[in-house]
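# Coordinate inspection notes
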Amino acid sequence: MSRLNDYDKAVETYEPVLGLETHIELDTNTKMFCGCSTAFGAEPNTQTCPVCLALPGALPVANKAAIEATVKIGLALNCHIAEWTRFARKNYFYPDMPKNFQTSQYEEPLCENGYVEVAVDGVDYRIEIERVHLEEDTGKTLHVGGATGRIHGATESLVDYNRAGIPLVEIVTKPVPGTGALAPEVAKAYVAELRDIVRSLGVSDVRMEQGSLRCDVNLSLNKPGEEWGTRTETKNVNSLRSVERAVRYEVRRQSALLDDGVKIIQETRHFHESTGETSPGRSKEEATDYRYFPEPDLAVMEPSREWVEELRAGLPELPRKRRERLQATWGLGDKEMQSVVNADAVGLIEATVAAGTTPTGAVKWWLGELSRRANEAGAELGALAITPEQVAELQGMVDDGRLNDKLARQVIDGVLAGEGSPVEVAAKRGLEVVSDTGALEAAVDEAISANPAVAEKIRGGTHAAAGVLIGAVMKATKGQADAGTVRKIILEKLG
Amino acid sequence: MSDRIVDKTAAELAADIREGRLTAVAVTTAFLDRIAAVDGTVKAFLHVDREGALATAREVDEALARGEELGPLAGVPIAVKDVVVTKGLPTTAASKILEGWIPPYDATITERIKAAKMPILGKTNLDEFAMGSSTEYSAYAQTVNPWDTARIPGGSGGGSAAAVAAKMAPLAIGTDTGGSIRQPGAVTGTFGAKPTYGSNSRYGLIAFSSSLDTPGPVSRNALDGALLHEVISGYDPRDSTAIDAPVPPVVAAAKAGADGDLSGVKLGVVKEFDQTFDAAEPGVVEAYRQAVEQLAKLGAEIVEVSCPSFSYALPTYYLIAPSEASSNLARYDGVRYGLRAGDDGRHGLEEVMSLTREAGFGPEVKRRIILGTYALSAGYVDAFYGKAQKVRTLIKRDFEAAFERVDALISPTTPFIAFKFGERTGDPYQMYLADLYTIPTNLYGGPGVSVPVGLSEGMPVGLQVMGPVMGDDITYRVAAAVESTQDTLLADTAPEIEEQ
């Protein structure tokens, strides 16, 4: 393992320069160059044909829906859409790539020169976009028989070509200097923003856990006033949290090397989800010459200006605008809204409010109890097994006085355990505030007789002492009493 | 002699079948029997599908008995170059790397042949992956020239040309990347047409050079070629480079040409080609010059045109075609189909891929993969591939300028008659010269045909007619006019091959 510097110390000495390459699988019905289905999770090699298996003689035909989706992404990222663009072949041998070349774009990408603005700690960062281009995904290789699941030591390699040929959009930023200590947060915020933009366009489900959004993180360090350093490219950083961790790790690792006077090698590195570390991949000696050349099997594309403007006019409200609108509607302060964004809860809260709850109630659950549960599980908030509609239902029961907060948390346990909706869980588990005053009065009487000294104090005017009796009653009713009501009864009896 | 079924042209056979004088089964059987009798000598076929061909023939006879209307070539058998994919029939591209591969799908032109109810006799030999001018680079068989069995049948489509020349098939499919239909046609005394690029679908044609490959007809005369051309031609949405436009009226043009009147037609002779005639065989040049005189007698106006960039066509081709081929042939890696070598548990994945390619590809294919890989390499791509693309543009402009002045260009098809086996395999450049006159058309994308015009040293010589993009009809008209001057079709004067 590499020696690591303390992060805060590292960013006192060095300035990071970020670069991000993001691959997004489009959710077109069919693949990029053939009519095969793109549905996720089918039996291996059932969604293939002569074209995506690269049988002799088969030819590609470009998917118009994928081109349209890419232009929309380019427009949403403020890019120029090329008047003349074409595909290119990227030649390299790998068994999960049927043709042993990837049909991609090289010198003539579909979209160029855009930008995205992201806010971190109230400061806006403008991330310049170099290019957005369209290509095809590869298949998946499974190496069997080795200890590591990697090719070395494997006895067999199995390939699933279902993914081969799924349209993939690559979005490449220009180098991003000037983020300082916030580089990890800026990187994460950029990927999150990109994901939200793409999701708002409805062109991909952008699910990092399913690999439909994948990220490569470039990072270099330099001392203030000096030239940019040599960068490393960390591949397959596949969650927002990992983006942040990968940047942080590379800052710590590279700064330690630079402190020791060691030169950074330009290399590809792998990110390890389990440890948060990166390790070297392909070295420079093995660097591939991709021998790019224009794809002669596909016609040149010339997106007409009318069509581009039509698509621009049809763009939906983009996330930044939407957040501003929702913040105003919900009446949240900047800091609170930032927390909502950081927790990735904008959509969840919007849906919860839409299901009939007040913004305050929705924010309370998602940023409070549910964020805590997500952190415990190491999962994204949206991956929790509770829907916005269920959260709205839960808050509705609290508003009606049928649940108190403590009971509500137990109901959440049940919902997350898959026991049903909040109403169903409450019924099954018998979780409901006791509103039968007869039963409560009996419990209060019992508490008074069990605690005569406390009762005496209350009679003497020390109302604060009522807490002890309330606690006893709550215990006796297993928390199902409403504390306010109990207090009222006690004071009536002893007042 | 002309009573034999196999001596008839495709047009005659089609009429005989349609009008009930012959059954499709009788016709197909005659050609299958001819294959059985002479292909032991000629070795034009890599695979013969007797059962399949007869099944189609029976369908035709049954349909005709029911009074159904069928296409113009229904029941006329055909041979298909083994680089065109045929569902259920072995397709090898004459390469060991595809030995035993049975395609699960049909090429578009195969579908069209089947839809036209033409019995497919079998698959014909070629230079491996269509790379060569003599069919000597086939991994499987040495096809001979029916005019002289010590000589090559041309290439890469030597199998299709020899099958038609030896009357084992009235029609065949060829593919032309740099002359692979026209040059074999010229040296075997048959007719061959490279249609306009994009007018005939490449879907299911095993790729050699994507921007140049064009499938087309091989036949004994222009009319037969035109009939087949119209069966296989036309827009195909599965080929992105296909031209979405009506098929030029080549059958009508061939019929019009047969009346031998070319008055009002301007034919260009290319000055830069004339300058190479010193290096061409005198007999070939002589036959060509006589053909030019004949064309003038038929009323054509002969005009000299200059196409300066044609001088660079050969090197341009040998950068572009191998570059594309190096990428197109990358898929043959032993992972999904075809040969797999070295998979013995001791070799890793990359080694198996490498051993497969080492064992599966022959010398010419390897030479071109290496050439193309080099031409596309970082640091060289601009000087080689990039520059070749620029010259290609200049060649196109030369053609366009020429067609401002003339209706078609004419030239010898190839600088020399069929050479003897082994004569040029030792020096690739000498082999590449065979395509000196055919390559410019491929770089341009227009149509070109080769029609027999005479003999040199007893071997056939071809005339090439080149037309503008989507002007295939003029090439057929001129070719048919040339044929009209011959008392007997040259293709019918080939020496008899002894039947076995």
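Above this note sits the structure.
The present account deals with the structure reproduced in this document. (Residues numbered from 1 in each chain as written. Chains lettered and ligands numbered in written order. Predicted model: local features only at pLDDT ≥ 70, side-chain atom pairs only at ≥ 80, totals over all residues. Heavy atoms only, no water.)

## Section: the overall build of chain B
- Broken down by element type, chain B carries 17 helices and eleven strands.
- Radius of gyration (C-alpha) of chain B: 21 Å, near the 23 Å computed for a compact globule of 500 residues.
- Taken over the C-alpha atoms alone, chain B extends approximately 65 × 55 × 45 Å along its principal axes.
- Counting only residues that meet the buried cut, chain B has 64% of its 500 residues in that class.
- Expressed as a percentage of contacts within chain B between residues at least 6 apart in sequence, the contacts between residues at least 24 apart total 76%.
- Counting only carbon and sulfur atoms, one obtains 51% of the accessible surface of chain B, whose full area is about 16,600 Å².
- The centroid of the 45 positive side-chain charges in chain B is displaced by 3 Å from the centroid of its 64 negative side-chain charges. (Helix = DSSP H or I, 4+ residues; strand = E, 2+ residues; numbered from the N terminus. Rg over C-alpha atoms; globule rule 2.2 N^0.38 Å. Buried < 20%, exposed > 50% of the residue type's maximum accessible area, 1.4 Å probe, protein only. Contact = heavy atoms within 4.5 Å. Areas by Shrake-Rupley, 256 points an atom, 1.4 Å probe, with all protein chains shown as cover. Lys, Arg positive; Asp, Glu negative; His and termini not counted. Charge placed at Lys NZ, Arg CZ, Asp CG, Glu CD.)

## Focus: the pattern of salt bridges
Residues and elements named next belong to chain B.
- Under the definition given, this model contains 66 salt bridges over all chains.
- As a salt-bridge pair, D16 and K8 come within 3.2 Å of each other at their nearest N and O atoms. K8 carries the same exposure label as D16, and that label is buried.
- Taking the shortest distance from any N to any O, the salt bridge between K114 and D106 comes out at 2.8 Å.
- Owing to a relative accessible area of 37%, K114 belongs among the partly exposed residues under this scheme.
- A network of salt bridges, in which partner residues are shared, links R4, D7, R34, K167, R220, D492, E496 and E499. (Salt bridge = Lys/Arg side-chain N within 4 Å of Asp/Glu carboxyl O.)

## Some remarks on empty space enclosed by the protein
All names here are of chain A.
- The final tally for this structure, using the stated rule, is six cavities of 30 Å³ or more.
- Space inside the largest cavity adds up to approximately 120 Å³.
- Taken together, 15 residues line the largest cavity, and the ones lying closest to its centre are V51, C52, K99, E136 and G165. (1 Å grid on protein atoms, 1.4 Å probe; cavity = no way out; pocket = protein on both sides within 12 Å on 5 of 7 lines; lining within 4 Å. Points joined across faces, edges and corners; volume = space filled by probe spheres on them.)

## Here's the deal with the environment of B:V27
Residues and elements named next belong to chain B.
- By the secondary structure assignment, V27 is in helix α2 (residues 24-42).
- Classification of V27 by relative accessible area gives buried; the value is 0%.
- Distance from V27 to G75, taken between C-alpha atoms, is 7.7 Å for residues 48 residues apart in sequence.
- Apart from residues no more than four positions distant in its own chain, V27 is found in contact with I5, L13, I17, L22, G75 and P77.

## Observations concerning the sheet that holds strand β10 (residues 448-456) of chain B
All names here are of chain B.
- Spatially, the eleven strands line up as an open sheet ordered β1-β3-β2-β4-β6-β5-β10-β11-β9-β7-β8, and their pairing is mixed. Only two strands of the sheet have a single neighbouring strand rather than two, namely β1 (45-48) and β8 (301-305). Between one strand axis and the next, the sheet turns through 30 degrees on average, direction left out of account.
- Each of β2 (78-81), β3 (120-124), β4 (171-176) and β6 (214-219) touches helix α4 (residues 108-115); the most contacted strand, β3, lies at about 155 degrees to it.
- With respect to the sheet, helix α7 (residues 222-232) is in contact with β2, β4, β5 (191-194) and β6, its orientation differing from that of β6 by roughly 145 degrees. (Pairing = 2+ DSSP bridges. Axes fitted to C-alpha atoms, helices over the stretch in contact; angles between N-to-C directions.)

## Topic: the packing of helix α11 (residues 313-328) of chain B against helix α14 (residues 382-405) of chain B
Residue and element names in this part refer to chain B.
- One can describe the packing of α11 onto α14 by two numbers: an axis separation of 9 Å at closest approach and a directional angle of 125 degrees. Judged by the angle between their axes, α11 and α14 are oblique. As α11 packs across α14, the resulting crossing turns out to be left-handed. Along its contact with α11, which presents A313, T316, L319, I320 and S323, the element α14 presents F384, Y385, A388, Q389, V391, R392 and I395.
- In terms of residue class, the contact of α11 with α14 is made up of eight nonpolar, three polar and one charged. (Parallel < 35°, antiparallel > 145°, perpendicular 65-115°, else oblique. Left-handed = near helix turned anticlockwise from the far one by under 90°. Nonpolar A, V, L, I, M, F, W, Y, C, P; charged D, E, K, R; others polar.)

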